[in-house]
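The primary structure of each chain is shown beneath.
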Amino acid sequence: MIDAVCFAINPQVHAFDNTSVMETLEAQRMMVSSARRLAGERAVVVSPVTLQPRHNPYASGPIPATPPGELPPQVDYRQPSLSPQHGC
């Protein structure tokens with residue numbers, strides 16, 4: 001028996017600026033509503049919600065080590081902080 005329906009969201013596939021990312025919120029709401037209809041009585045889990053794609057489909061080798069003090073390439077600088085200095 002399936003206990004929940006789960007899917008991930010990445011709001012910046014084609015546009016990366018703050019305005020474009022915020023404009024995806026309505027589409028995300030519609031995705032959750034659609035998932036709720038399809039799930040019936042089951043829970044709907046949206047996870048993970050990331051600003052960068054979770055995987056690099058064009059990788060030709062392992063991801064290089066991240067230098068100390070830097071974010072890994074799969075982390076958008078806006079995600080770990082709500083600070084205005086980070087562009088949020």
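The coordinates are above.
Since this is a predicted model, take the numbers as computed values, not measurements.

Visitor: Got a minute to help me understand the overall build of the chain in this structure?
Guide: When you go through the chain residue by residue, the secondary structure sums to two helices and two strands. Traced from its N-terminal end to its C-terminal end, the chain shows the element sequence β-α-α-β. Across the 88 residues that make up the chain, the buried fraction comes to 18%. Taking all contacts inside the chain whose residues are at least 6 apart in sequence as the whole, residues at least 24 apart take part in 65%. Surface exposure of the chain reaches about 6900 Å², of which carbon and sulfur atoms provide 60%.

Visitor: Help me understand the nonpolar core in this model?
Guide: Soluble globular proteins: nonpolar side chains tend toward being buried together. One finds F7, I9, A35, A39 and V44 forming the largest nonpolar core, which totals five residues. Within the residue set of this core, elements represented by two or more residues are strand 1 (4-9) and helix 2 (25-39). Those residues in contact with I9, other than ones at most four positions away along the chain, are Q28, M31, V46, P48, V49 and T50.

Visitor: I'm lost on the pattern of salt bridges in this one. Help?
Guide: For side chains of opposite charge, pairing can occur when their charged atoms come near one another. Using the criterion set out here, one finds two salt bridges in the structure. Linking R29 and E26 is a salt bridge whose minimum nitrogen-to-oxygen distance equals 2.6 Å. Taken together, the residues R29 and E26, both in helix 2 and three residues apart, mark about one turn of the helix. Classification of E26 by relative accessible area gives partly exposed; the value is 41%.

Visitor: Can you walk me through helix 2 in this structure?
Guide: Residues lying three or four places apart along an α-helix face the same way, a consequence of the helix completing one turn every 3.6 residues. Compared with an ideal rise of 1.5 Å per residue, which puts 15 residues at 21 Å, helix 2 spans 21 Å between its outermost C-alpha atoms and is within 8% of the ideal. Those residues of helix 2 lying buried are Q28, A35 and A39. Summarising the axial view, the buried residues of helix 2 lie within an arc of 30°, below the 170-degree limit, and thus occupy one face. The elements touched by buried residues of helix 2 are strand 1 and strand 2 (43-49). Following helix 2 by one or two positions, G40 has its phi on the positive side, about 65°.

Visitor: Please clarify how the environment of T66 should be interpreted in this entry.
Guide: With respect to the element layout, T66 can be found in the segment after strand 2. Setting aside anything within four residues of it in sequence, one finds T66 in contact with L71, P72 and P73.

What counts and how
Residues numbered from 1 in each chain as written. Predicted model: local features only at pLDDT ≥ 70, side-chain atom pairs only at ≥ 80, totals over all residues. Heavy atoms only, no water. Helix = DSSP H or I, 4+ residues; strand = E, 2+ residues; numbered from the N terminus. Buried < 20%, exposed > 50% of the residue type's maximum accessible area, 1.4 Å probe, protein only. Contact = heavy atoms within 4.5 Å. Areas by Shrake-Rupley, 256 points an atom, 1.4 Å probe, with all protein chains shown as cover. Core = buried A, V, L, I, M, F, W, Y, C linked by side-chain atoms within 4.5 Å. Salt bridge = Lys/Arg side-chain N within 4 Å of Asp/Glu carboxyl O. Expected span 1.5 Å × (residues − 1). Arc of directions from axis to C-beta.

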